Amino acid sequence: MVEYVPERRYDTVFFDLYGTLVDIRTDEESPAAWEALREMLEDHSGVTFRDAATLKARFDALTSFVWAREVDLRGGNAEPDLLPVYAALAAEDTVVDPDFRDPRAVAMADVGDLTNMGPMVLPVALQLAWTFRRASTSLLRLYPGAAAMLARLREAGLTVVLVSNAQSGYTRPELRGLDLEPLFDNIVISSEVGVRKPSPRIYRIALDGVLADPGRTVMVGNDERADILGAKGAGIDGVYLRTAISPQNDPQASAHAVLSLDGPDYAGLMKYLGV
């Protein structure tokens, strides 16, 4: 007798990262984090800021300028990559070609243009970004069972894609450190594509990347607005995980999701997906 196996509803599963697969705590206002960045600039780039507060003010000014330009060009869900801002902090360093030492011009550059400013400009920007990220992060760990769940979904023939609102200079090293990169068929990071959730555009980019049908795709995330309503705007169903770092005003269960789960309940998710 041949056992009947019901047809699966989905072929592709999108995942949010932070609060869905990874538990994280960061404090980007931490004076210690800005001091760590100030020391890295001084020790490795020869660029001196009087104190951490002065450095933070400089970074915030450059970031605000870049972000405002991107919003004007692309709308309210734009997400610029901040690696050029980190490069701009070191713009007086000798690794930057003298023709490109205007900090504002460096901050406005595309990431791909940084290599034209000198062979070490992009590596220095990456090092500075990672220095700050490490110093501002007090907790970074996979939720129990996350990696095994991702591997199981792929073994079952599902296409698994990461769709994250994040800065590439922070998130790519974290994905490598957590051994997550091989567990995805594609990775879409907002700063790399210039737009963030809840814009339907980032979901369409993710769909196009794996030639997925939105009607056969589900998004799993812990932020109702970004992950559930954003995906719905692109014709994608959503599974809502209410975790400890979901937005404070999010509901315990989302009326807009096809399934709501309490915490990172991967067993419940796999049961729903028929895996």
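Residues numbered from 1 in each chain as written. Predicted model: local features only at pLDDT ≥ 70, side-chain atom pairs only at ≥ 80, totals over all residues. Heavy atoms only, no water.

Trainee: Quick question: what am I supposed to make of the overall build of the chain here?
Mentor: Scanning the chain from terminus to terminus reveals eleven helices and eight strands. What you see for the chain is a C-alpha radius of gyration of 20 Å, in line with the 19 Å of a compact globule of 275 residues. In terms of overall dimensions, the chain has a C-alpha envelope of 75 × 35 × 35 Å along the principal axes. Across the 275 residues that make up the chain, the buried fraction comes to 51%. The long-range share in the chain, meaning contacts at least 24 apart out of those at least 6 apart in sequence, stands at 66%. Counting only carbon and sulfur atoms, one obtains 50% of the accessible surface of the chain, whose full area is about 12800 Å². Charge centroids of the chain, computed over 27 positive and 40 negative side chains, lie 3 Å from each other. (Helix = DSSP H or I, 4+ residues; strand = E, 2+ residues; numbered from the N terminus. Rg over C-alpha atoms; globule rule 2.2 N^0.38 Å. Buried < 20%, exposed > 50% of the residue type's maximum accessible area, 1.4 Å probe, protein only. Contact = heavy atoms within 4.5 Å. Areas by Shrake-Rupley, 256 points an atom, 1.4 Å probe, with all protein chains shown as cover. Lys, Arg positive; Asp, Glu negative; His and termini not counted. Charge placed at Lys NZ, Arg CZ, Asp CG, Glu CD.)

Trainee: Explain unusual backbone geometry to me, please; I cannot follow it from the model alone.
Mentor: In terms of backbone geometry, most residues other than glycine have negative phi values and most peptide bonds are trans. Cis geometry marks the peptide bond from K197 to P198, where omega comes out at 15°. Despite not being glycine, D179 has its phi angle at roughly 60°, a positive value. A positive phi angle, close to 55°, is found at L211, a residue other than glycine. Mapped onto the elements, L211 comes out in the loop between α9 (200–210) and β6 (217–221). Relative accessible area serves as the criterion here: at 78%, L211 is assigned to the exposed category.

Trainee: Looking at this structure, how should I read the nonpolar core?
Mentor: What tends to happen in soluble globular proteins is that the nonpolar side chains get buried as a cluster. F15, L21, M149, L150 and L180 are the most contacted members of the largest nonpolar core, which has 34 residues in total. Other than its neighbours up to four places away in sequence, L180 contacts L17, V22, L142, L150 and L175. Formed by 33 residues, the second largest nonpolar core is a distinct cluster that contains L37, L82, A87 and A125. (Core = buried A, V, L, I, M, F, W, Y, C linked by side-chain atoms within 4.5 Å.)

Trainee: Even after reading the chapter, I still don't get the packing of aromatic side chains, so can you show me in this structure?
Mentor: Any two aromatic rings considered together are summarised by their centre-to-centre distance and by the angle between their planes. Under the criterion given, the structure shown has five aromatic pairs. Ring geometry for Y10 versus Y272: centroids 6.3 Å apart, planes at 40°, classification tilted. Taken together, the residues span a long stretch of sequence, with Y10 in the segment before β1 (12–15) and Y272 in helix α11 (residues 266–273) at a distance of 262 residues. Residue classification places Y10 among the buried positions, given a relative accessible area of 3%. Of the aromatic side chains, those joined through ring pairs into one cluster are W34, F59, Y86, F132 and Y170. (Phe/Tyr/Trp six-rings, centres within 6.5 Å; stacked < 30°, edge-to-face > 60°.)

Trainee: Sorry, what's going on with the sheet that holds strand β4 (residues 159–164) here?
Mentor: Hydrogen bonds between backbone atoms are what pair the strands of a sheet, whose relative direction is either parallel or antiparallel. Taken in spatial order, the six strands make up an open sheet running β5-β4-β1-β6-β7-β8, and their pairing is parallel. The open sheet terminates on both sides in strands that have one partner only, identified here as β5 (186–189) and β8 (259–262). Strand-to-strand, the axes of this sheet are offset by a mean angle of 20°, without reference to chain direction. The pairing of β1 with β6 spans four bridges and is parallel. For F14, the partnering residue across the bridge sits in β6 and is M219. (Pairing = 2+ DSSP bridges. Axes fitted to C-alpha atoms, helices over the stretch in contact; angles between N-to-C directions.)

Trainee: I'm lost on α11 in this one. Help?
Mentor: Residue pairs three or four apart in sequence face the same way in an α-helix, which turns once every 3.6 residues. Buried residues of α11: Y266, G268, L269, M270 and L273, and no others. Elements that come into contact with the buried residues of α11 comprise β1, α6 (146–155), β6, β7 (237–242) and β8. Downstream of α11 by one or two residues, G274 has phi in the positive range, about 75°.

Trainee: Looking at this structure, I do not really get the packing of helix α1 (residues 31–45) against helix α2 (residues 52–74). What am I missing?
Mentor: In a pair of packed helices, the angle between the axes and the distance between the axes together describe the arrangement. The geometry of α1 relative to α2 is characterised by a closest axis approach of 8 Å and an angle of 90° between their N-to-C directions. Here α1 is positioned roughly perpendicular relative to α2, judged by the angle of their axes. Contacts between α1 and α2 involve P31, W34, E35, L37, R38 and L41 from the first element and A52, L55, K56 and F59 from the second. Looking at side-chain class alone, the contact of α1 with α2 contains seven nonpolar, no polar and three charged residues. (Parallel < 35°, antiparallel > 145°, perpendicular 65-115°, else oblique. Nonpolar A, V, L, I, M, F, W, Y, C, P; charged D, E, K, R; others polar.)

Trainee: Honestly, the pattern of salt bridges in this entry has me stumped. Any pointers?
Mentor: Oppositely charged side chains can form a pair if their charged atoms are brought close together. This model, assessed by the stated rule, comprises 18 salt bridges. When the shortest N-O distance is used, the salt bridge between D16 and K197 registers 2.9 Å. Of the two residues, D16 sits in the loop between β1 and β2 (22–26) while K197 sits in the loop between α8 (190–193) and α9, which places them 181 residues apart along the sequence. Like D16, the residue K197 is buried in the burial classification. The closest approach of N and O atoms between E42 and R38, which form a salt bridge, is 2.9 Å. With a gap of four residues between them, E42 and R38 both fall in helix α1, about one helical turn apart. Taken together, the shared-partner salt bridges connect D16, K197 and D227 into one network. (Salt bridge = Lys/Arg side-chain N within 4 Å of Asp/Glu carboxyl O.)

Bear in mind that shape data such as this cannot, by itself, settle questions of function.
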